[in-house]
Amino acid sequence: MRQVRCKSGLMGERGFLQESYSSFEEFQRYDGIYHICERLGYPNGSVGDVWKWNPVIEKSVNPSDLRLVYLSNTIIQRKNGKIVPIFSRKKY
């Protein structure tokens, strides 16, 4: 993961979601505690979809710094209340 300065001013990391967690089960446990998907703007019950889509996120030790990074090559649209990613991914 790449080091970046987050909105709070703290140094944090930016990278793909799957780089932050060792497995889907670990991500699922953290989401149950910290509501990560909801804080990233995804509806409840979409943990598997978020893991599959593997979005680029930014985070630090401050929980308010967790955010979805919209890169120029990433487009996310809503269909029937669900977020659907449409993108051509490149390593940054």
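In this text the structure is predicted, and so the values were computed from the model without any measurement. (Residues numbered from 1 in each chain as written. Predicted model: local features only at pLDDT ≥ 70, side-chain atom pairs only at ≥ 80, totals over all residues. Heavy atoms only, no water.)

Student: What's the story with the overall build of the protein in this structure? I'm lost.
Tutor: Helices and strands together make up the secondary structure of the protein, namely four helices and six strands. Each of the 92 residues in the protein was classed as buried or not, and the buried ones make up 37%. A fraction of 52% describes how many contacts in the protein between residues 6 or more apart in sequence connect residues 24 or more apart. (Helix = DSSP H or I, 4+ residues; strand = E, 2+ residues; numbered from the N terminus. Buried < 20%, exposed > 50% of the residue type's maximum accessible area, 1.4 Å probe, protein only. Contact = heavy atoms within 4.5 Å.)

Student: Quick question: what am I supposed to make of the sheet that holds strand β4 (residues 67-68) here?
Tutor: In sheet architecture, strand pairing relies on hydrogen bonds along the backbone and comes in two forms, parallel and antiparallel. As summarised here, the arrangement of the four strands in space is β1-β2-β3-β4, forming an open sheet in which the pairing is antiparallel. Bordering the open sheet on either side are β1 (2-5) and β4, each of which pairs with just one other strand. The pairing of strand β2 (residues 11-16) with strand β3 (residues 56-59) spans four bridges and is antiparallel. Residue pairing for β3: Phe 16 is matched across the bridge by Val 56. (Pairing = 2+ DSSP bridges.)

Student: I tried to follow the side chain of Ser 60 on my own but got confused; where do I start?
Tutor: Summarising the element assignment, Ser 60 is placed in the loop between β3 and β4. What makes Ser 60 buried here is its relative accessible area of 18%. Of the polar contacts made by the side chain of Ser 60, one reaches the side chain of Asp 65; its length is 2.5 Å. Ignoring sequence-local partners within four residues, the contact set of Ser 60 consists of Cys 6, Ser 8, Leu 10, Met 11, Gly 12 and Asp 65. (Polar contact = N/O pair within 3.5 Å; in protein donor to acceptor, adjacent residues only side chain to side chain.)

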